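# Architecture at a glance
Chain by chain, the residues:
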Amino acid sequence: MATPIVHQYAYRAQKDFGIALSAPVYDVVDAFQKPDVHVRLCQYSQDGRLFAYALPDRIRVLNSESFAVVSEIVASNIVEFNFSPLATYISTWERPVKLEDGAQHKNLRVWKTATGEQVTAFSSRGTETWDIQYTADELYGLRFVGADVQAFSPANDWQIITKARVENCSSISVGPGKNPSVAVFVAEKSGQPASVKVYSLTSLDGNPTVQKSFFKADKATIKWNALGTQVLILTQAEVDKTNKNYYGETGLYLLSAAGNFDARVTLDKDGPIHDFNWSPNSKEFGVTYGYMPAKTVLFDQRLRPVHDFGLAPQNFIQFNPQGRLLALAGFGNLAGKIDVHDRQTLHKVCTIDAPNTSHFEWSPDGRYILTATLSPRLRVDNGIKIWHCAGALLHAQSVDELYQAVWKPLKIDGVAPPFGAQVPQPPAPSPAVKAAAPGTATSQLPKPAGAYRPPGARGTATPLLYKREDEGGMGGMGFAAPSPPNGAATPPRYGHGSPGHEQRGAPGTGPRQNGGLRYQPGGPPQEQRANGDGHPGAGLGKKKKDGAPREKRDKEGVSGKKDRAGVPLVPPPPAPVEPEPEPEADLGNAELDPVQKKIRNLNKKLKAIDELKEKRGRGDKLENTQVKKIDSEAEVKKEITVLTALAAKGVTALP
């Protein structure tokens, strides 16, 4: 039997910072010495060998196994830092400031990880695009400056090897693989369409291998597949000019680095694109899109649908590192349900209830899930939970004002056993989870409250009108016209502007009868209103705006009034009046004579006295009237004895 992998994760909070172990060992690493001051940032290298954290005046780099100090980078006011792919360099970013001598502040600095020495520095003003992007072998480092996309050679003293001139460049992304490409996004500006250009890194100064132009794109999210052969571009416009979506308009495009394929991903449900992700096999990707409940579909690399997971309140999709499992979840303002699917069988493995989750991450071996509730997204119930992929909760750690939680990366190939035909069984949970198991005396797990139901509806089945579309409900079309396909938030009013739909009255009253005639509750009888004699003097030749007397209009069969849609108002035929049922007699009271009624009332009084005596025995303070009621116990018992004797003799009248 293979030795189980013990995973490691780091966490950072306002008043706590540490490294802990996960399944099957659940414990804090004592060999890690916590610093005495607040930690601003922490990060593992991509291969997991090193661990670094930022202090107010330096960055400390440790060996992630022995926790021995490898180097220290002396730099203050660090806002962000990143490892290079092979952990040879560390890039740091500070907020730009104005220097006294007027020189440009070089706030992006690159350091040698092993020695902590600075090797180069640049000026960078962007908070999202500040870092240098490296190729996987670190032979090249790229960044864009103004209209130039520059490629550096770290081995040759960071000299510029080649560059591409791209006007209005907004962001770049370097692809993985042995022959990397560079995707460059140009935002829409001054009536010119946005575009994405893909260059080969070896011919960056030449023409792009593929180029795609489109409108309605202010920014883009670029994701390469693991081989670097194809790239997905999610475009987003800040303002939707059609007013269909408050959050703007989105689009998804697929481009091939070789230039032999580019197309827009066609989605069959209106609404925004919530999330998308490549499978680790680089042959397919998943997209979650549409108004809630959203739809999730798998596509192959030629945009052919592979599988539809249906409708659900979800806005997150992520494959595990091996590509065997797929997590679909609803975070943010959604309930936090996580559905785990087996990609091999396309069946759901489990559903995990993780409310208030603000961070989700698969473990390197794809068997465990780390969820965390982070601050300042939420300042209560902060903590970390470790789940097995089969749905079992293995570990829970509560941390006040938790800012960050991250797995330690590991190279799993040849170490972790691959999944078999079935999803593996979970190991034993940690003592913290066992202590909080439902049914134990120390259980602190909150009970699911569910949706609020008014008292009159409790214990009954939910009407289809109030169920979501993915739960078999009517999708909000209970008594109004279906929502238009363009996603308009407000459906047409009843009977207004909906050609082809029947006109309706108030919700629950059913369709109008007699050509859309409206009945007015509390008015005169319907026949009188139809004939114009609902009140004295009705129909005596009064004229309306059309100039026709009431008698003439009445002969034509209409009252002359119209609703907002222009439909004549004619009352519906009177509904049959059902006779009200006679109230049933109180048989229980009718069978009791006055003596028995008195005995029953005295027994109730005696029961109330017993309850007051119990209340006094518990030490509760009684009022004077309650004390007098207890003092009358003997008289009540005596009266019950007398009346019982009379009832035994057949006396029915009170003495």
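Note that the structure is predicted; figures quoted are calculated from it, not measured.

## Considering the packing of helix α5 (residues 594–617) against helix α6 (residues 624–631)
Running from N to C, α5 and α6 cross one another at 120°; their axes reach a closest spacing of 9 Å. Taken together, the axes of α5 and α6 are oblique relative to one another. Note on packing geometry: the crossing formed by α5 with α6 is left-handed. Only Q626, K629 and I630 of α6 make contact with α5, whose side of the interface consists of K605, A608, I609, L612, K613, K615 and R616. Considered class by class, the residues forming the contact of α5 with α6 number four nonpolar, one polar and five charged.

## Focus on the environment of I338
Within the secondary structure layout, I338 lies in strand β30 (residues 337–342). Once residues lying within four places of it in the same chain are set aside, the contact partners of I338 are A327, L328, A329, F331, C350, T351, I352, A354, F360 and T371.

## A look at the pattern of salt bridges
Counted according to the given criterion, the structure contains 25 salt bridges. Here R58 makes a salt bridge to E72, at a shortest N to O gap of 2.7 Å. Residue R58 is located in strand β6 (residues 58–63), and its partner E72 is located in strand β7 (residues 69–74); the two are separated by 14 residues in the primary sequence. Classification of R58 by relative accessible area gives partly exposed; the value is 22%. With its nearest N and O atoms 3.7 Å apart, the salt bridge here joins K337 to D353. Linking K337 in strand β30 with D353 in strand β31 (residues 347–353), this pair joins segments that are 16 residues apart in sequence. You can call K337 partly exposed: its relative accessible area is 42%.

## Focus on empty space enclosed by the protein
Enumeration over the complete set of coordinates arrives at one cavity of 30 Å³ or more. Roughly 30 Å³ of internal volume is contained in the largest cavity. Partitioning the lining of the largest cavity into residue classes produces three nonpolar, five polar and no charged.

## Focus on the sheet that holds strand β13 (residues 141–145)
Strand order in the open sheet made by the four strands is β12-β13-β14-β15, with antiparallel pairing throughout. The open sheet has two edge strands with one neighbour each: β12 (133–134) and β15 (159–165). The pairing of β13 with strand β14 (residues 148–153) spans five bridges and is antiparallel. Paired with L142 across the strands is A151, a residue of β14.

## Brief notes about the sheet that holds strand β11 (residues 118–122)
Strand order in the open sheet formed by four strands is β8-β9-β10-β11, with antiparallel pairing between adjacent strands. At either end of the open sheet lies a strand with only one pairing partner, and these are β8 (80–83) and β11. Ignoring which end each strand starts from, the neighbouring axes of this sheet average 20° apart. Inspection of the sheet shows β8 paired to strand β9 (residues 89–93) by four bridges, in the antiparallel sense. By the bridge assignment for β9, E80 is matched with W93.

## Let's talk about unusual backbone geometry
Note that the residue after M292, namely P293, is joined by a cis bond; omega there is 0°. Tracing the sequence through the fold places P293 in the loop between β25 (284–289) and β26 (294–300). With an omega dihedral of 10°, the bond running from S375 to P376 counts as a cis peptide bond. Structurally, P376 is set in the loop between β33 (368–373) and β34 (383–388). Even without glycine at this site, N168 takes up a positive phi of about 60°. The residue N168 is located in the loop between β15 and β16 (169–174) in this model. In this structure, K216 takes a positive phi of about 60° despite not being glycine. Tracing the backbone shows K216 in the loop between β19 (210–214) and β20 (219–224).

## Comments concerning the side chain of S45
Looking at the element boundaries, S45 is found in the loop between β4 (41–44) and β5 (50–54). Apart from residues no more than four positions distant in its own chain, S45 is found in contact with L50, F83, A87 and P409.

## Some words on the packing of aromatic side chains
All told, the structure shown has 22 aromatic pairs when counted by the stated rule. Ring centres of Y9 and Y11 lie 6.5 Å apart, and the angle between their planes is 45°; this geometry places the pair in the tilted category. Side by side, Y9 and Y11 carry an identical accessibility label, which is buried. With a centroid separation of 5.3 Å and an interplanar angle of 65°, the aromatic rings of F17 and Y53 are classed as edge-to-face. Taken together, the positions of F17 in strand β2 (residues 17–21) and Y53 in strand β5 put the pair 36 residues apart, joining distant regions of the chain. Exposure remark for F17: the relative accessible area of 5% places this residue in the buried category. A residue is classified by how much of its surface remains accessible, and Y53, at 1% relative accessible area, is buried.

## Re the confidence of the model for the chain
Taken as a whole, the chain shows an average pLDDT of 79; of its residues, 77% reach a score of 70 or greater. Throughout residues 476–517 the model reports pLDDT below 50, and contacts reaching past four residues in sequence, or to other chains, amount to 55 contacts. Low pLDDT, under 50, characterises residues 552–559; the predicted model gives this stretch 15 contacts beyond four residues in sequence or across chains.

## A few points about the layout of surface pockets
Its boundaries defined by the atoms lining it, the largest pocket holds a volume of some 2100 Å³. Elements with a minimum of two residues in the lining of the largest pocket: β4, β12, β16, β20, β24 (273–278), β28 (316–319), β32 (359–362) and β36 (402–407). No other element matches β36, which puts four residues into the lining of the largest pocket.

## What to know about the packing of α5 against helix α7 (residues 633–648)
Interhelical geometry of α5 versus α7 gives an angle of 155° and a closest axis separation of 10 Å. Of the possible angle classes, the one that applies to α5 and α7 is roughly antiparallel. At the point where α5 passes α7, the crossing takes the left-handed sense. Taking contact as the criterion, the partners of V595, K598, I599, L602, N603, K605, L606, I609, D610 and K613 in α5 are, on α7, E633, V636, K637, E639, I640, L643, T644 and A647. Residues of the contact of α5 with α7, tallied by class, amount to nine nonpolar, two polar and seven charged.

## Observations regarding α5
Taking 1.5 Å per residue as the helical rise, α5 with its 24 residues ought to reach 34 Å, and the 35 Å between its terminal C-alpha atoms agrees with that figure. Of the positions making up α5, those classed as buried are V595, I599, L602, L606, I609 and L612. Looking at the buried residues of α5, the elements they touch are α6 and α7. One or two residues past the end of α5 sits G619, with phi positive at roughly 95°.

What counts, and where the lines are drawn
Residues numbered from 1 in each chain as written. Predicted model: local features only at pLDDT ≥ 70, side-chain atom pairs only at ≥ 80, totals over all residues. Heavy atoms only, no water. Axes fitted to C-alpha atoms, helices over the stretch in contact; angles between N-to-C directions. Helix = DSSP H or I, 4+ residues; strand = E, 2+ residues; numbered from the N terminus. Parallel < 35°, antiparallel > 145°, perpendicular 65-115°, else oblique. Left-handed = near helix turned anticlockwise from the far one by under 90°. Contact = heavy atoms within 4.5 Å. Nonpolar A, V, L, I, M, F, W, Y, C, P; charged D, E, K, R; others polar. Salt bridge = Lys/Arg side-chain N within 4 Å of Asp/Glu carboxyl O. Buried < 20%, exposed > 50% of the residue type's maximum accessible area, 1.4 Å probe, protein only. 1 Å grid on protein atoms, 1.4 Å probe; cavity = no way out; pocket = protein on both sides within 12 Å on 5 of 7 lines; lining within 4 Å. Points joined across faces, edges and corners; volume = space filled by probe spheres on them. Pairing = 2+ DSSP bridges. Phe/Tyr/Trp six-rings, centres within 6.5 Å; stacked < 30°, edge-to-face > 60°. pLDDT = per-residue confidence, 0-100. Expected span 1.5 Å × (residues − 1).

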